[in-house]
Amino acid sequence: MFCQLTGALVMQLLGKDDVLDIEIDSYIHCISAFVKLAQSEYALLTEIIPEHHQKKTFDSLIQEALDNLMLEGDNIVSAARRAIMRHDYSAVLTIFPILRHLKMNKSDFDSTLQNDPDKEYNMPKDGTVHELTSNAILFLQQLLDFHETAGAMLASQESSSATSYSSDFNKRLLSSYICKVLGNLQLNLLSKSKVYEDSALSAIFLHNNYNYILKSLEKSELIQLVTVTQKRAEASYKELIQQQIEFYQRSWLKVTEHLTERNMPVLQPGMKLKDKERQVIKEKFKGFNDGLEELCKIQKGWAIPDKDQRDFIRQAQKTAVSDAYRVFLCTNISFTKNPEKYHKYRPEEVEEMIEKLFDTSA
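Procedures and definitions
- Residues numbered from 1 in each chain as written.
- Predicted model: local features only at pLDDT ≥ 70, side-chain atom pairs only at ≥ 80, totals over all residues.
- Heavy atoms only, no water.
- Helix = DSSP H or I, 4+ residues; strand = E, 2+ residues; numbered from the N terminus.
- Buried < 20%, exposed > 50% of the residue type's maximum accessible area, 1.4 Å probe, protein only.
- Areas by Shrake-Rupley, 256 points an atom, 1.4 Å probe, with all protein chains shown as cover.
- Core = buried A, V, L, I, M, F, W, Y, C linked by side-chain atoms within 4.5 Å.
- Contact = heavy atoms within 4.5 Å.
- Salt bridge = Lys/Arg side-chain N within 4 Å of Asp/Glu carboxyl O.
- Axes fitted to C-alpha atoms, helices over the stretch in contact; angles between N-to-C directions.
- Parallel < 35°, antiparallel > 145°, perpendicular 65-115°, else oblique.
- Left-handed = near helix turned anticlockwise from the far one by under 90°.
- Nonpolar A, V, L, I, M, F, W, Y, C, P; charged D, E, K, R; others polar.
- Phe/Tyr/Trp six-rings, centres within 6.5 Å; stacked < 30°, edge-to-face > 60°.
- Arc of directions from axis to C-beta.
- pLDDT = per-residue confidence, 0-100.

Things to note about the overall build of the protein chain
In step 1: Counting secondary structure elements, the protein chain contains 15 helices and zero strands.
In step 2: Taking all 362 residues of the protein chain together, 40% fall into the buried category.
In step 3: A total accessible area of about 20,800 Å² is found for the protein chain, and carbon and sulfur atoms account for 52% of it.

Set out below in structure tokens:
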């Protein structure tokens, strides 16, 4: 809610064509009153509504009031936008008290209006790109369309004098601002990722979001702006993405650890396996089979929207697991009269199972 309200005031600065009187003080009081009333509604709601219905009920209760508040904000920025068209950039300063008030009351917005957004039931269950990420990138892309005006506004805050700054100076200020937004977004995503109980899903979530940010920067001129002050921005995101892939791959160690030579009996010529040694091999097969089935069942429902990344991660995992499995099978030790009970999968079948990861339709 907070991001939505703040984003509307900033992004819709270039929105409508109507001209209305600006009543900043009145609007600020309306914001405070709205938050206080919403807090009261939510406190009452938690007393009488079951938890699984609370969010939907609360949203429906406050929606009309929130819409009206947003409409008033639209009216204010419309007047400021008209002033910009007349090259009266000082009118934009009238928006700053509202933004300052919203920033000061951010914690109230987060606790009341967002309903604990970092709880797991509010996170994407498949680890896909978070709405916060797509909204932040959209805001930056829209900001890019008016980079000269945005740079001039940032420069005006550097000094109260009427000093005229160069376009290069303004560009550096805007680059620094964008980098701060991306930095705060990264910290926010890292915090959200800790909500997941499964560390592998947490890694997939961060991977998807970092990859989305990088691809979005590369597809637009944002990457050029970012590198004005952060020369290694692109390389840094690639490193973060690779790091999360490696974190995810660790989840498969509980499968492949059963294929190692650890505790594997060494069969001497002319000797038979002891019962204890037979049992070790049986447990290795069972541990591998159970672990493979469990991970494939769970991770099938996870998402990696980027096809290239999805194919890369699948292929790397297929190679790692099937290669280790083939080496394990080559030991060719006779340990049971019913090998089919333990040797459930051929290497090709293992690869087919891994190929269905991140695909709910498979």
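Here the narrative resumes.
Observations concerning the nonpolar core
In step 1: Core analysis: the largest hydrophobic core is formed by 65 residues, its most contacted members being L182, Y248, W252 and L292.
In step 2: Considering each element in turn, this core owes the most residues, ten residues, to helix α9 (residues 199-219).
In step 3: Once residues within four sequence positions are removed from consideration, L292 is found in contact with W252, V255, Y345, V350 and M353.
In step 4: Counting 21 residues, the second-largest nonpolar core is a separate cluster that includes A38, L66, L102 and F109.

Regarding the pattern of salt bridges
In step 1: This structure, assessed with the given rule, holds eleven salt bridges.
In step 2: The salt bridge partner of D311 is K307, with a shortest N-O separation of 2.7 Å. Highlighted residues: D311 and K307, both in helix α14 (residues 307-329), separated by four residues, approximately one helical turn.
In step 3: Of the charged contacts in the structure, one is a salt bridge between R326 and E351, with a shortest N-O distance of 3.4 Å.

Some thoughts on the environment of S111
In step 1: Secondary-structure assignment places S111 in helix α5 (residues 106-113).
In step 2: As a C-alpha pair, S111 and Q39 span 72 residues in sequence and 8.9 Å in three-dimensional space.

Re the packing of helix α13 (residues 275-299) against helix α15 (residues 347-355)
Each pair of packed helices gets described by two things: the angle between the helix axes and the distance between those axes.
In step 1: Contact geometry of α13 with α15 gives a least axis separation of 9 Å together with a crossing angle of 25°. For the element pair α13 / α15, the angle class is roughly parallel. α15 is crossed by α13, and the crossing has left-handed handedness. Counted together, F288, L292, E293 and C296 of α13 and V350, M353 and I354 of α15 form the full contact between these two elements.
In step 2: Its residues assigned to classes, the contact of α13 with α15 comprises six nonpolar, no polar and one charged.

Topic: unusual backbone geometry
In step 1: In the Ramachandran plot, F358 falls in the positive-phi region, its phi being about 60° despite a non-glycine side chain.
In step 2: You can see F358 is positioned in the segment after α15.

Here's the deal with the environment of S334
In step 1: Relative to the elements of secondary structure, S334 occurs in the loop between α14 and α15.
In step 2: On a C-alpha basis, the gap between S334 and R278 in space is 8.6 Å, while along the polypeptide they are 56 residues apart.
In step 3: In this structure, S334 is in contact with L273 and R278, ignoring residues within four places of it in sequence.

Some details on the packing of aromatic side chains
In step 1: Using the criterion set out here, one finds five aromatic pairs in the structure.
In step 2: Between Y42 and F58 the ring centres are 5.1 Å apart and the planes differ by 70°, which places this aromatic pair in the edge-to-face class. Here the residue Y42 occupies a position in helix α2 (residues 24-48), and F58 occupies one in helix α3 (residues 51-85), the gap between them amounting to 16 residues.
In step 3: For F58, a relative accessible area of 0% corresponds to the buried category.

A closer look at α5
In step 1: Of the positions making up α5, those classed as buried are F109, T112 and L113. On an axial view of α5, the arc spanned by its buried residues comes to 90°, and they lie on one face.

Section: the side chain of T133
In step 1: Residue position: T133 is located in helix α6 (residues 131-144).
In step 2: In this structure T133 comes out as buried when scored by relative accessible area, which is 0%.
In step 3: Residues contacting T133, with those up to four places away along its chain left out, are L185, L189, N209, Y212 and I213.

Comments concerning the side chain of S175
In step 1: The topology assignment puts S175 in helix α8 (residues 167-193).
In step 2: Accessibility expressed as a relative area gives 0% for S175, which makes it buried.
In step 3: Here S175 is in contact with L225, V226, V228 and T229, once residues within four sequence places are set aside.

Some details on the confidence of the model for the protein chain
In step 1: With 84% of its residues at a pLDDT of at least 70, the protein chain reaches an overall mean of 83.
In step 2: Confidence drops under pLDDT 50 across residues 9-22; counting only partners more than four residues distant or on other chains, this segment forms 37 contacts.

Re the packing of α2 against helix α4 (residues 96-104)
In step 1: Where α2 contacts α4, the two axes come as close as 10 Å, and the packing angle between them is 20°. When the axes of α2 and α4 are compared, the pair comes out roughly parallel. Crossing angle aside, the handedness with which α2 passes α4 is right-handed. From α2, I24, Y27, I28, I31 and S32 reach across to α4, where they touch P97, I98, H101 and L102.
In step 2: Per-class residue counts for the contact of α2 with α4 are seven nonpolar, two polar and no charged.

Description of the environment of C30
In step 1: Relative to the helices and strands, C30 resides in helix α2.
In step 2: Through-space distance from the C-alpha of C30 to that of E72 is 9.5 Å; in sequence the pair is 42 residues apart.

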